[in-house]
Protein chains: 2
Amino acid sequence: MTSSPRVTQPKYQRIADDLKREIDAGRYRPGDRLPGENDLMATYGVARMTARQALGVLQGEGIAEARRGVGVFVREFRPIRRRGIQRLSDRTWGGGASVWSADIASRELAVDQLSVAEREAPEQIAAVLGLKPGEPACVRSRRFVLDGKPVLLSDSYLPAALVAGSRITDPDTGPGGTYARLAELGHKPVHFQEQIRSRMPAGDEAERLALAPGTPVFLVHRIAFAEDGQAVEVNEMVLDSASYILEYDFDA
Amino acid sequence: MTSSPRVTQPKYQRIADDLKREIDAGRYRPGDRLPGENDLMATYGVARMTARQALGVLQGEGIAEARRGVGVFVREFRPIRRRGIQRLSDRTWGGGASVWSADIASRELAVDQLSVAEREAPEQIAAVLGLKPGEPACVRSRRFVLDGKPVLLSDSYLPAALVAGSRITDPDTGPGGTYARLAELGHKPVHFQEQIRSRMPAGDEAERLALAPGTPVFLVHRIAFAEDGQAVEVNEMVLDSASYILEYDFDA
DNA sequence: GATTTCAGCTTGTCTAGAGATGTTGGGATC
DNA sequence: GATCCCAACATCTCTAGACAAGCTGAAATC
C-alpha cells in the first residue's frame, strides 16, 4: 500500500492513457471508431498483442467496445463505478487495502500526502487507546490516490510510547505496512471495523478530497487490537463513495 | 443479439471455465493458490499467453487476483455484480442489448427460449399500438441467458398487420434484429424506455427466471415509435437485478 | 543470533509471427 | 434490378520464445 509508483510505465498503459486522454478531450466521441490494432501497431511500433492489451484496458474499463471484424468504438454509455476497494481482511491486512480493478493489470492505492506527528489524541480515541491525560499519540495522516484522483483520507492514532523508534513513523513503513511493524513489536493486531454511509461535512477534509460538502462518502472507523486485548491503533477514514465502493458493500 | 453460441470454445475460455467450476465446487477456497501460468501450460499444453489469458478472465471478473512473484489466488471477497447490460440506445438498437463485461472477450446475450404467436394484446398495450378491438398482435416471448443463467424475459408486441410475412416472425430475425426488420418495412423506430425497480411477483415469470418471489428485479417498459409517431412495438421486460444491472442505473 | 545476499520461482511485459473467424462492400451473375 | 460470391479488412485466438521485475526462503556472512 505504500509502494511507490512504477518509474517506467508499460507501453500498453501509455497507449491506453493516450487514447483515454484523446477521448476525454473530445477527439473521439461516443460511437466513434478508435484506432484499431493495426493502427496502433503502425503508430507506436508495437506488436499486435501489445496494441491489443492497450485496447483491452479501455474495454475492461467499459470505455470502449470491440466489434469483431469491424473495429473498436467508444462506448455510448459507460459505468460510473469502475472499481472496488477490497475490504480489509485478515488475509490482506499485511498489505492494507488493495484495489480490485477490471484491468488485467492490478493497481494499488498510492499515498500522495503524508504527515506524522506526536500530539494528544481526541478524548474518545485516547480513551480507546488507554492513554493517560496528556500522553501523546503518534498520528499518521495520509491521503490515498487512485489514478491521480484523491479517494481516501486516513488518520491513524497509535500510542507514542508503543511505537517509539519503530519504522512505523517512517514515510515508508516497509513491507507489510503498519500492521507488520506492530506485529514485530509484539502486538499482532486483529482489527474491528465499521462502515457508515454518510455525507461529506464541510471543512478541510472536503477540500482535500476535492468533494463538495454533501457528497456521499463512507466513514470507516477501525480499531486494531493486539492479542492481549489492548487497543493499539485507531484509524479513521473518509472514502469517496461516488467513484469507489468498499467491496462488501456490494451485498447491501 | 440472436447470434448463436460459438460452436468451439477458445482454449483460454475452457481453462477459465474449468477453474471456475473447481472454485464453485470448493476445490479451491478463498485465499487458496490457483494453478499458475506454468501449471496451466503443463496441464493443458498451451502457450504462456494462453494460460495468462485464462487467468485474466478470472481476474477480470474479480474471482482471482495475481500477486507478482507469488502466484494467483482465489479472492476473499468478490463483487456480486460483475456485469452490466448496456442500455439500449439509438446506436445499439440495431444489435439489441449488448453485454458489457470485464472480460477481454465480449459476450452476448443469447436467446434460449422463444415463442411467436398471434393473439390479442392486453388492453393497455393494444391501445398504445392503435389496435382495434379483436385485432391481433404478433407476440414474441423470449428468454435471454448469460453464461447459462436466465437473466431476462422479454415480451414484444407488434401489430400483426404490420409485420405479416416479414422475417420478424422468424426465430432468427436476421442481422440487426427486430428493429432492422421494422426499418425495412418503412417504420424506422425510435424508442422510449423506462425502468422501474421492483420485486419479482410470484408466478410463471419467477419460475422462468429461477428467482424467488420478492427478489429485486428491473421492470422495463419500452415503446418504439416510427418516425410518423405511430407506436410500432411495445416491449415488456423483466430483468434480474441481483446479478446484472442496466448500465445507466449506475448513475442512480 | 541477526543480517545480508542470492538463486529460483513467480507474474508482468513484449515480440513477430500465423491462422481462424466475422463484417463489409463491390463486382459478377442470374 | 436482385442475388450471390469473394476479396479486403477487422478483430480474435494461439504459439514459442525472451527479458524484466517482484517475492521467498535458504545459505552465507557478519
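Anything mentioned here points back to the structure above.
The rules we used
- Throughout this document, residue positions are counted from 1 along each chain, in the order its sequence is written.
- Note on labels: chains are lettered from A, ligands numbered from 1, in written order.
- It should be noted that, the model being predicted, local features are given only for residues of pLDDT at least 70 and side-chain atom pairs only at 80 or more, the latter also being counted only at that level, while totals for whole chains, interfaces and linings use all residues.
- Working from all heavy atoms in the structure, the side-chain values ignore hydrogens and water.
- If a single non-hydrogen atom of a residue is within 4 Å of a molecule or strand, that residue counts as near it.
- Definition of a polar contact: a pair of N or O atoms within 3.5 Å, with one able to donate and the other able to accept a hydrogen when the atoms are protein atoms, and with sequence-neighbouring residues admitted only if both atoms are side-chain atoms.
- Each helix is a run of DSSP H or I of at least 4 residues and each strand a run of E of at least 2, with the numbering of both proceeding from the N terminus.
- Amino acids are sorted into nonpolar (Ala, Val, Leu, Ile, Met, Phe, Trp, Tyr, Cys and Pro), charged (Asp, Glu, Lys and Arg) and polar (every other residue, Gly among them).

Enquirer: What is the right way to read the protein's contact with DNA strand D from this model?
Expert: Looking at DNA strand D, there are 27 residues lining it, with A:Gly36, B:Lys11, B:Ala47, B:Thr50 and B:Arg68 nearest. Contact between DNA strand D and A:Arg52: a phosphate oxygen at 2.9 Å from a side-chain N or O atom of the residue. Contacts to DNA strand D include B:Lys11, whose backbone N or O atom sits 2.4 Å from a phosphate oxygen. Going through the elements one at a time, α2 (37-44), α3 (48-60), β2 (64-67) and β3 (71-74) of chain A together with α1 (11-24) and α3 (48-60) of chain B are the ones with two or more residues in the surface near DNA strand D. In terms of residue count, the dominant contributor to the surface near DNA strand D is α3(B) (4 residues). Classifying every residue of the surface near DNA strand D by side-chain character gives 10 nonpolar, 8 polar and 9 charged.

Enquirer: Looking at this structure, how should I read the protein's contact with DNA strand C?
Expert: Near DNA strand C lie 27 residues; those nearest to it are A:Lys11, A:Tyr12, A:Ala47, A:Thr50 and B:Arg52. Among the atoms of DNA strand C close to the protein, meaning within 4 Å, 74% are from sugar or phosphate groups. One of the backbone nitrogen or oxygen atoms of A:Gly69 is found 3.3 Å away from a base nitrogen of DNA strand C. Those elements that place two or more of their residues in the surface near DNA strand C are α1 (11-24) and α3 of chain A together with α2 (37-44), α3, β2 (64-67) and β3 (71-74) of chain B. Among the elements that line the surface near DNA strand C, the one with the most residues is α3(A), at 4 residues. Looking at side-chain class alone, the surface near DNA strand C contains 10 nonpolar, 8 polar and 9 charged residues.

What is shown is where atoms sit, not what they do.
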